[in-house]
Amino acid sequence: MLRKTGLLSAVCLLLLTSCSQDQHILERIGYIRTAGYDLQEGGKLKITLSVPLIINEASQTFQTDEILTTVATSSKEARIKLSRKTSRNLVSGQLRTILFNTDLAKQGLHKHMDTLLRDPSISKLTELVIVDGSAHEIMTSKYSGHPRTAQYIDRLLKKEFNMETTPRILLHEFFRDYYDDGKDPIATMLRKSGNDLELNGIALFRNDKYITKLPPEDIFYFSIMYQNQGRGEFTVVTERPEMKSITFTAINSRKKIKIKKNQNGKYVANIGLKIEGGVLEYIGNLDLSTSDKNKLEGIMSEYISQQAKRIVGKLQHNRTDSLGIGQHVRNKMSYKAWKDTDWEDIYANMDIQVHAKFMIKNFGNFYD
Amino acid sequence: MSQEKLNRFFIALMIHSTQTGVVIFTLPRIIATHFGANGWVALIIMFFLVSLNIMLINSVYRLGKGQSVFAILKSGLPRFLLIPIYLVLGSGLAMVGCLVVKQYVLIYQMLIFPQTPDMLLKLVIDILVFIFVTKGIYTMSKANFFFLFLLFLMIPFSIVFIQNMDLSRMTPFLFQEGNDLGKGIISMYGAFMGYELSIFLFPYAEKGKKWLKYIHLGNGLTLFIYLLVTILCFGFFNYKELVHLSFPLLDMFGYLRFPFVERIQNFLYSFFLLSIIFTSGMYYWCSQSVFTAMIPKLHWKWALFFLIGITYFIAYIPKSLIIVEKWFGFLSYFQLGVAIGLPLLALLALLLKKGRQAHA
C-alpha cells in the first residue's frame, strides 16, 4: 500500500514539473480592461488598449492605467504589435468594455467582431459601446472627480444597466439580435461632455451597420417598448398647466406586441404598454389625492403613447427593427412566406399602433 | 455463490452517465446545423428509436434466461468465429473509451491550458480512469451516483437561463435551414450511444426481469437532460447564431455571474471530468471483460492496464479536435454495430443452441 502511494506521488511530482508552461503570475500579466476602436485612413483601425497597473507600479509612474495605442488592420494584430512595447503579457480574459467610434460602426462591425466570438477568453458579458467622437480621446482623458477612466466607464454603464435607465446590451444580446432576422441589434452610446462622460442615447443598427441614434430623452420610451421594466425613473416636462413637470419613480412596466391582419391583408402591429409608477415630484395645478389623479393618468397615458409612436415612426423611417416586430410577424407566417417577405420594406410602411395605460401607484409623502 | 448485485436505480444512472459526455457541449450546435429551426424535436424521435434497440437487448436477457452474453455466444457459436469478433469488439470499445478522454482533453486544453501538451493531461486522466476501474463494477456504480449528484447540482442554473429566454426567438418553424440530414442523424445517434453496454451487465444485475425497465429510465434521463440543454440554447440564442458557436453550453454558462467570482464556465467544465471518467471507465471495463472472456487465464487488471496503455499511444495519432471528431464518426458506425449486431448475434447463438438441443 505504501509502495503504491509512494509510486503514485512520485509520478505526480514528475508531472508537475512539466506544467510550468501555463503559469499565470498575476503581476506579470496585463489584463486588458478596455479596448477602443477608431477608423483611420486606408480602412485601418486605431486601436487603444487600457491595461490597469498594479498599485506598486502605479505609485511609481503616477498613472493608474497603461494606455497602449497602435494602428493595425485587426485587433489581435494590434495586440501582438503592442505586446512588443509592454513588460507584461497582454491577455483579453478580463475585457470589460469595448468602444467603437461611430464612423467605424457606420461601415459595419461584423468583421471586427470575429475575434470577440472566436477567442474563448473573451466573455459574452462584455459591454459594447458606440462613442460619438474618438474612442482614443475618451480613453486617454482624465476625468477629475471621477474614478480612473476604465473603471469610470465600466461602473457608469453597469450602474445604468442595473438601474434600468437604459436596456442592458452586452455582447451576448448584440450577437443574438444580429443573427436573428426578425430583430436588429442596438448599443449604448457614450460621449465626452466637458469633464465628464455622458450616456448619449441608444445606437440603432440595421444588421451590423450603425444607422442613427435615439437621444437620451427618448431612451425611457424606447426602453418600455423594448423590455419589461422592473425599476427606473423618468421626467415629463410640458407646457400644459396640469403637468408642467412631473417625475415618476419605481417604474414597473409590461409590454405586449400583437400582430393582426387588416382588411387589405396587411399586417398591423399593436404595442400595448401597462406602466405604473410613484410620483416623486409634481409641478402642476392638479390635486393628486382627488379624482384629478385619474385625469392625470389619462394625460400621462396619452403623452406616453404619443412619444412612443413618434419613436416607432423614427425606427420605421430608418428601417431599423430594434423592437423586434419582425419576430412577432414571423410567428404568424409559414417558413416559405417569411422567406419570401421583404421584411425591411413591409416594416417601413407598416401600421404600428401604440397604446399606453399609465397608473399612479402612490404620490409620495406629500398629501395634496 | 452469493454475489453483490447492482442496484436497479444505479444501473439506470450508469446507463445515463455512459451516454452523456462531451457531446452535451456540442449537441445544440449539431442540431441547429443539421436539423435547423426547432431541431430539438428530433431528439424525441431518436429516443424512441433507441428505446426499440434497448428492447432488443432486453429480449436477449429474457431468452438467454439471464446468462452473461459471453456464455450465450460460447454455447451457440464456434470458437474460431468468436475470436475475431471478440478482438474487434474489445479493441473498438477500448478505442471509444480512449477517444472520449482525448476529446475532453483537447477542449480543456483549448480553454484553460493552451501551452500544456494534451497527452500530458490525458495521461493524468488515464491514471484516474485506471484507479477508478480497478475498484470493480460495484464501486464504480456507487461512485457514479455521487458524480451525478454533483452534476445535477447544476440544473437549477436553468432558472437563470429561462429568464433570458424568449419564445418568439424560437420561431414557429420546424426543421428549416438544416443541411446534411444524414450526418446529423448519425451524430445525434452517437449522442445516445452508451446503452449498448447494458448487455455486458447481465451477470451483475439481480435475478428477474424488473431491472430491465431501468435501462429505459436511464435513457429517459438522458433525453431529459439533452432536451433541457437544447431547448434552453435554442431560446437563449437563436438557431442561426447556434450554428456559429462551438460550445453553446459553455457560452451559456459564461453568462452566469456570481458576486464572488466573475466567470465560472471553465470551473463548471471541469465538473464534467466526472462524467468523462465514468464513460471512459465503463467502456474500458467492458473491453477488458471481452478480452478476459477470450483469454480466461489473463488477470483482468493486467488486461485493463495493457488496454489503457496501448490505446494511450494510439491516441497520439489524432492531433486536432476535428480529426478526433472524424474518428468518432467512424466509431459511431462501430457502436451501432455493437448496439444492433451484438444482440442479434446473441439471439442467433441462442437459436443455434436450441436447434442443436432439439436434434440431440
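Criteria and cut-off values
- Residues numbered from 1 in each chain as written.
- Chains lettered and ligands numbered in written order.
- Predicted model: local features only at pLDDT ≥ 70, side-chain atom pairs only at ≥ 80, totals over all residues.
- Heavy atoms only, no water.
- Salt bridge = Lys/Arg side-chain N within 4 Å of Asp/Glu carboxyl O.
- Phe/Tyr/Trp six-rings, centres within 6.5 Å; stacked < 30°, edge-to-face > 60°.
- Helix = DSSP H or I, 4+ residues; strand = E, 2+ residues; numbered from the N terminus.
- Buried < 20%, exposed > 50% of the residue type's maximum accessible area, 1.4 Å probe, protein only.
- Pairing = 2+ DSSP bridges.
- Axes fitted to C-alpha atoms, helices over the stretch in contact; angles between N-to-C directions.
- 1 Å grid on protein atoms, 1.4 Å probe; cavity = no way out; pocket = protein on both sides within 12 Å on 5 of 7 lines; lining within 4 Å.
- Points joined across faces, edges and corners; volume = space filled by probe spheres on them.
- Nonpolar A, V, L, I, M, F, W, Y, C, P; charged D, E, K, R; others polar.
- UniProt positions renumbered as here; feature names shortened; annotations may be inferred.
- Contact = heavy atoms within 4.5 Å.
- Parallel < 35°, antiparallel > 145°, perpendicular 65-115°, else oblique.
- Left-handed = near helix turned anticlockwise from the far one by under 90°.
- Domains from an automatic or database assignment.
- Buried area = accessible area lost by both parts, 1.4 Å probe.
- Polar contact = N/O pair within 3.5 Å; in protein donor to acceptor, adjacent residues only side chain to side chain.
- Arc of directions from axis to C-beta.
- Core = buried A, V, L, I, M, F, W, Y, C linked by side-chain atoms within 4.5 Å.

1. Points about the pattern of salt bridges
Next, step 1: Scanning all chains against the criterion turns up 30 salt bridges over all chains.
Next, step 2: What emerges from the salt-bridge pattern is a single network uniting A:Asp180, A:Asp181, A:Arg330, A:Lys339, B:Glu177 and B:Lys240.

2. Points about the packing of aromatic side chains
Two aromatic rings, taken as a pair, are described by how far apart their centres are and by the angle between their planes.
All names here are of chain B.
Next, step 1: All told, the structure shown has 50 aromatic pairs over all chains when counted by the stated rule.
Next, step 2: Taking the centre distance of 6.1 Å and the plane angle of 50° together, the rings of Phe-35 and Phe-175 count as tilted. Here Phe-175 lies in the loop between helix H8 (158-163) and helix H9 (181-192) and Phe-35 lies in helix H2 (residues 23-35), a separation of 140 residues in the sequence.
Next, step 3: Using a relative accessible area of 35% as the deciding quantity, one classes Phe-175 as partly exposed.

3. Thoughts on the sheet that holds strand S6 (residues 97-101) of chain A
Residue and element names in this part refer to chain A.
Next, step 1: Strand order in the open sheet made by the eight strands is S4-S3-S2-S6-S7-S8-S9-S10, with mixed pairing throughout. Strand pairing shows two members of the sheet lacking a second neighbour, strand S4 (65-72) and strand S10 (209-214), which therefore form its edges. The mean inter-strand angle of the sheet, taken between neighbouring strand axes irrespective of direction, is 30°.
Next, step 2: Bridge analysis of strand S8 (residues 186-193) against strand S9 (residues 196-206) gives eight bridges, and the strand direction is antiparallel. Residue Ala-187 lies in a different strand from S9, and its bridge partner there is Ala-203.

4. Observations concerning empty space enclosed by the protein
All names here are of chain B.
Next, step 1: A complete count under the given rule lists four cavities of 30 Å³ or more for this structure.
Next, step 2: Estimates place the volume of the largest cavity at around 290 Å³.
Next, step 3: Lining the largest cavity are 21 residues, with Ile-24, Ile-155, Ile-225, Val-229 and Phe-272 sitting closest to its centre.
Next, step 4: Elements with a minimum of two residues in the lining of the largest cavity: helix H7 (137-152), H8, helix H10 (212-236) and helix H12 (248-253).
Next, step 5: Here the element with the most residues in the lining of the largest cavity is H10; it accounts for four residues.
Next, step 6: Split by residue class, the lining of the largest cavity holds 16 nonpolar, five polar and no charged.

5. Quick look at unusual backbone geometry
Next, step 1: Residue A:Asn207 is not a glycine yet carries a positive backbone phi of 55°.
Next, step 2: Positionally, A:Asn207 belongs in the loop between S9 and S10.
Next, step 3: Judged by relative accessible area, A:Asn207 falls into the partly exposed class, the value being 41%.
Next, step 4: Although it is not a glycine, B:Phe175 adopts a positive phi angle of roughly 55°.

6. A closer look at the UniProt feature "domain: Spore germination GerAC-like C-terminal" (unreviewed entry) in chain A
Next, step 1: Sequence positions flagged by UniProt for "domain: Spore germination GerAC-like C-terminal" (unreviewed entry) are, in local numbering, residues 200-364 of chain A.
Next, step 2: Each end of residues 200-364 of chain A is marked by a C-alpha atom, and these two atoms are 30 Å apart; helix forms 32% of the span and strand 38%.

7. Re the interface of chain A and chain B
Next, step 1: Contact with chain A, which involves 33 residues of that partner, is made by 35 residues of chain B.
Next, step 2: Applying the counting rule to chain A against chain B returns three salt bridges.
Next, step 3: Between B:Glu177 and A:Lys339 there is a salt bridge; the shortest N-O distance is 3.2 Å.
Next, step 4: If you list the elements that add at least two residues to the side of chain A that touches chain B, you get helix H1 (2-17), helix H8 (171-179), helix H11 (325-330) and helix H12 (335-340) of chain A.
Next, step 5: Per-element accounting of the side of chain A that touches chain B gives the leading share, five residues, to H8(A).

8. Here we look at helix H9 (residues 219-226) of chain A
Next, step 1: A large share of H9(A) lies buried, amounting to eight of its eight residues.
Next, step 2: What H9(A) keeps buried is the set A:Ile219, A:Phe220, A:Tyr221, A:Phe222, A:Ser223, A:Ile224, A:Met225 and A:Tyr226.

9. Remarks on the packing of H7(B) against helix H14 (residues 273-294) of chain B
Residues and elements named next belong to chain B.
Next, step 1: Viewed as axis vectors pointing N to C, H7 and H14 meet at an angle of 155°, and their least axial separation amounts to 9 Å. Comparing their axes, H14 and H7 come out roughly antiparallel. When the axes of H7 and H14 are compared, the crossing they make is left-handed. Residue-level inspection shows Ile-137, Met-140, Asn-144, Phe-147, Leu-150 and Leu-151 of H7 in contact with H14, the latter providing Leu-274, Ser-275, Phe-278, Gly-281, Met-282 and Trp-285.
Next, step 2: Looking at the contact of H7 with H14 residue by residue, the classes come out as nine nonpolar, three polar and no charged.

10. Quick word on the domain arrangement of chain A
Often the size quoted for an interface is simply the accessible area lost on bringing the parts together.
All names here are of chain A.
Next, step 1: Here chain A is partitioned into domain 1 (29-214) and domain 2 (217-368).
Next, step 2: Averaged C-alpha coordinates put domain 1 and domain 2 at centres separated by 31 Å.
Next, step 3: Opposite the 24 residues of domain 1 that make contact, domain 2 presents 29 residues.
Next, step 4: Summing the contributions of domain 1 and of domain 2, the shared interface buries around 2,100 Å²; its carbon and sulfur component is 53%.
Next, step 5: Applying the counting rule to domain 1 against domain 2 returns three salt bridges.
Next, step 6: Note that Lys-339 is salt-bridged to Asp-181, the shortest N-O span being 3.8 Å.
Next, step 7: Between the two partners, domain 1 and domain 2, sit 13 residue pairs in polar contact (both at pLDDT 80 or more).

11. Observations regarding helix H3 (residues 75-83) of chain A
All names here are of chain A.
Next, step 1: Residues of H3 that are buried include every one of Ser-75, Ala-78 and Leu-82, and no others. Buried residues in H3, looked at end-on, bunch into an arc of 55°, giving them a common side.
Next, step 2: The secondary structure elements touched by the buried residues of H3 are strand S2 (34-39), strand S3 (45-52), S4, strand S5 (89-91) and helix H5 (114-118).

12. A short note on the sheet that holds strand S12 (residues 245-261) of chain A
All names here are of chain A.
Next, step 1: Spatially, the four strands line up as an open sheet ordered S11-S12-S13-S14, and their pairing is mixed. The sheet is open, and its two borders are formed by strand S11 (234-237) and strand S14 (351-362), each paired with just one other strand. For this sheet, the mean angle separating the axes of adjacent strands, direction not counted, is 40°.
Next, step 2: Two elements, S12 and strand S13 (residues 267-283), share 15 bridges in a ladder whose sense is antiparallel. Its bridge partner lying in S13, Arg-254 is registered against Lys-274.
Next, step 3: Strands in contact with H9 are S11, S12, S13 and S14; relative to S12, the strand with the most contacts, it is inclined by about 45°.
Next, step 4: Docked against the sheet, helix H10 (residues 292-317) engages S11, S12, S13 and S14, running at close to 145° with respect to S14.

13. Description of the nonpolar core
Next, step 1: By size, the foremost hydrophobic cluster in this structure holds 200 residues, and its most contacted members are A:Leu190, A:Phe234, A:Ile271, A:Ile325, B:Leu43 and B:Phe200.
Next, step 2: By residue number, the principal contributor to this core is helix H5 (residues 79-111) of chain B, which donates 17 residues.
Next, step 3: Summarising the domain contributions, this core has at least three residues from each of domain 1 (29-214) and domain 2 (217-368) of chain A.
Next, step 4: Non-local contacts of A:Phe234, meaning those with residues more than four positions away in its chain, are made with A:Phe220, A:Tyr221, A:Ile246, A:Thr247, A:Phe248, A:Ile251, A:Met300, A:Ile304 and A:Phe358.
Next, step 5: If you look at the next biggest cluster of nonpolar residues, it comprises 31 residues, including A:Ala72, A:Leu104, A:Ala203 and A:Tyr210.

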